[in-house]
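Here's the letter readout for the chains.
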Amino acid sequence: MKISGVELRRLSMTLRSPFETSFGVVTERDILLVRVVTEEAEGWGECAAMSEPVYSSEHINGAQDVIRRFFLPRLAAAPHVTSALVAQILAPFKGHPIAKAAVEAAVLDAELRAAGTSFGDHLGAVRSWVPVGVSVGIMPSVAELVDTVGGYLDQGYRRIKLKIKPGWDVEPVRAVRERFGEAPLLQVDANTAYTLGDAQRLAALDPFDLLLIEQPLPEDDIGGHAALARLLHTPICLDESIVSARSAAEAIALGACRIVNIKPARVGGYLEARRVHDVCAANGVPVWCGGMLETGIGRAANVALAALPNFTLPGDISASERYFERDITEPFVLRDGGLDVPQGPGLGVTPDPVLLDEFTTATDWIDF
Ligand SMILES: CSCC[C@@H](NC(=O)CCC(=O)O)C(=O)O
Ligand SMILES: [Mg+2]
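Residues numbered from 1 in each chain as written. Chains lettered and ligands numbered in written order. Predicted model: local features only at pLDDT ≥ 70, side-chain atom pairs only at ≥ 80, totals over all residues. Heavy atoms only, no water.

Caption draft 1: Summary view of the sheet that holds strand 13 (residues 360–367). The four strands lie next to each other as 3-2-1-13, forming an open sheet whose pairing is antiparallel. Looking at which strands have only one partner, the edges of the open sheet turn out to be strand 3 (42–47) and strand 13. On average, each strand axis in the sheet is tilted by 20° relative to the strand beside it, whichever way the strands run. With six bridges joining them, strand 2 (residues 24–38) and strand 3 adopt antiparallel strand pairing. (Pairing = 2+ DSSP bridges. Helix = DSSP H or I, 4+ residues; strand = E, 2+ residues; numbered from the N terminus. Axes fitted to C-alpha atoms, helices over the stretch in contact; angles between N-to-C directions.)

Caption draft 2: Region of the structure containing the coordination of the magnesium ion (ligand 2). Within the protein, the atoms that donate to the magnesium ion (ligand 2) are Asp-189 (OD), Glu-214 (OE) and Asp-239 (OD), at distances of 2.1 to 2.3 Å. Ordering the donors of the magnesium ion (ligand 2) by residue number gives the pattern D-x24-E-x24-D. Here Glu-214 lies in strand 8 (residues 213–214) and Asp-189 lies in strand 7 (residues 186–189), a separation of 25 residues in the sequence. Looking at Glu-214, the relative accessible area reads 0%, which means it is buried. (Donors = N, O, S within 2.8 Å, 3.2 Å for Na, K, Ca; no water. Buried < 20%, exposed > 50% of the residue type's maximum accessible area, 1.4 Å probe, protein only.)

Caption draft 3: Examining the site of ligand 1 more closely. Neighbouring ligand 1 are 19 residues; Ser-135, Lys-161, Asn-191, Leu-293 and Tyr-323 lie closest to it. Ser-135 is positioned with one of its side-chain polar atoms (N or O) 2.8 Å from an oxygen atom of ligand 1. Here an oxygen atom of ligand 1 and a side-chain polar atom of Lys-161 are 2.9 Å apart. When the free accessible area of ligand 1 is taken as 430 Å², the share hidden by the protein chains comes to 100%. (Near = heavy atom within 4 Å. Polar contact = N/O pair within 3.5 Å; in protein donor to acceptor, adjacent residues only side chain to side chain. Areas by Shrake-Rupley, 256 points an atom, 1.4 Å probe, with all protein chains shown as cover.)

Caption draft 4: Looking closely at the pairing of strand 10 (residues 259–262). Side chains of strand 10 alternate between two faces, with Ile-259 and Asn-261 and Val-260 and Ile-262 buried alike. As defined by bridge partners, strand 9 (residues 236–238) adjoins strand 10 across two bridges and the pair is classed as parallel. Directly across from Leu-238, in strand 10, lies its bridge partner Val-260. Remark: the strand 9/helix 9 (residues 245–253)/strand 10 crossover connection has right-handed handedness. Examined bridge by bridge, strand 10 and strand 11 (residues 287–289) share three bridges and lie parallel to one another. Residue pairing across strands places Ile-262 opposite Cys-289, the latter belonging to strand 11. (Right-handed = clockwise from strand over helix to strand, strands pointing away.)

Caption draft 5: Structural view of the pattern of salt bridges. Tallied over the entire structure, the rule returns 24 salt bridges. A salt bridge links Arg-201 to Asp-169, with the shortest nitrogen-to-oxygen separation between them at 2.7 Å. Note that Arg-201 is positioned in helix 7 (residues 199–203) and Asp-169 in the loop between strand 6 (160–163) and helix 6 (170–180), a separation of 32 residues in sequence. The salt bridge involving Arg-275 is made with Glu-272; its shortest N-O contact spans 2.5 Å. Taken together, the positions of Arg-275 and Glu-272, both in helix 11 (residues 270–282) and three residues apart, correspond to about one turn of that helix. (Salt bridge = Lys/Arg side-chain N within 4 Å of Asp/Glu carboxyl O.)

Pasting the structure below:
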């Protein structure tokens, strides 16, 4: 595929409500979209990095810089570029999986649009609709949290995830169970906020029939998660720790997790995400698709990925209206607690040019 150029477009999109986690509060998404233009088609990739390096070491300005300064010149110099080759072409550059994932996704989207193949078909989707969950942030009060959860359950979400941190864990979980009973699928996400010394505190969550406890310990503490797993009944799910198929295999072999949150951005792209899926399937470890508060561009790709066979738990791929008053693509609308998998070529969605321009804060065109 011959790339004629790439656009790096920045957007600012305000979240409908602040989203608080153990590492901070997000009120607006500072987004980077990568648009790859080829003779046959153009493709889009969304860079899922946060504004600050608080979820992982990457941040949106750093991602744009590494893409522009190093990744694109290397792609331009490559004799032959396909989506299957992007990771190999960029391999000499250490790290930056979120930035790499955005570039690979844009090349993949262009390739698939030209071929008339959907993301889902290319990745191996087996469903045309996927049940989805919703991630609920830390709130000013337990009462406000319970009301917010009730609203999402009324909308039909198939699973509730609560952000937790020391001082905001057992009480909100207990309040949700007391109000809504045992029926709702419920899980928690600590975003690395605890230590192994908090084991007893985390064991206090065991009576609430949680699906999982997500990433309780620091991302590099695989041994700690394995030790914690022996002290808890609730399964441990890893997010930040799983950076590749190999790291998934290692974490599973060491008993550090029984469930994996797959985020294509965190592992370097959708092709590696499929490898993580396959490694987990081979080990009998269920997976679900994580979220990074994406626009409809990233959401379309995530919904397609969530249709693969071993994605057996509802993911953090909520409807567009959960995040934004107006999405830059045709909004993803909740239907019976799930989302329909886009069937069109590539992502199956494209940004609305008017909305794109409205939210754009900067564009940068790089000729190949
Ligand atoms: C800003 S929080 C991003 C990381 C977080 N993501 C979510 O909680 C889901 C957010 C979403 O609904 O996209 C996670 O650690 O799983
Ligand atoms: Mg998480």
